[in-house]
Amino acid sequence: QVQLVESGGGLVQAGASLRLSCSASGRIFNIGTAAWFRQAPGKEREFVTAISWIGAITYYAESVKGRFTISRDNAKNTMYLQMNSLKPEDTAIYYCAAKPSLATVSRTNDYVYWGQGTQVTVSS
């Protein structure tokens, strides 16, 4: 099993920045891909960004390219999401997720391990 715990959410104004963290524990060797998803009220959970745990290959949804940056620190077993130029439409609960495989990084149902989520609210 892998346990994931997010932190760093909060309330910010449009244009501001936030950094989310996702701390992993347990069977870390089971992680092939780690990702961030988000879910806004009344909407389905959507893919934001992903990173291969070993090779650090990154993937981004079009809506966040150029504004968000995913990274991980293997020594700390922690993944980060740096969010810049935040917009009100970025308001959502942000979840970190992980799975053993490296394929199809954007499909929600492929992810086995999930954190509890952290709220990000961007005011206009």
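Residues numbered from 1 in each chain as written. Predicted model: local features only at pLDDT ≥ 70, side-chain atom pairs only at ≥ 80, totals over all residues. Heavy atoms only, no water.

Caption draft 1: Examining unusual backbone geometry more closely. For S85, which is not glycine, the phi torsion reads 50° and is therefore positive. The backbone of T104 sits at a positive phi, close to 40°, despite the residue not being glycine. Here T104 shows up in the loop between strand 9 (92–99) and strand 10 (113–114). Judged by its relative accessible area of 40%, T104 falls in the partly exposed class. (Helix = DSSP H or I, 4+ residues; strand = E, 2+ residues; numbered from the N terminus. Buried < 20%, exposed > 50% of the residue type's maximum accessible area, 1.4 Å probe, protein only.)

Caption draft 2: Just the pattern of salt bridges, in detail. Evaluated as defined, the whole model comprises 5 salt bridges. Across the pair D90 and R67 runs a salt bridge whose closest N-O atoms are separated by 2.7 Å. Taken as a pair, D90 in the loop between strand 8 (78–83) and strand 9 and R67 in the loop between strand 6 (58–60) and strand 7 (68–73) lie far apart in primary sequence, 23 residues in all. D90 gets classed as buried once you look at its relative accessible area, which sits at 0%. Taking the shortest distance from any N to any O, the salt bridge between D110 and R107 comes out at 3.0 Å. Accessibility expressed as a relative area gives 23% for D110, which makes it partly exposed. Residues joined in a network through salt bridges with shared partners are R38, E46, R67 and D90. (Salt bridge = Lys/Arg side-chain N within 4 Å of Asp/Glu carboxyl O.)

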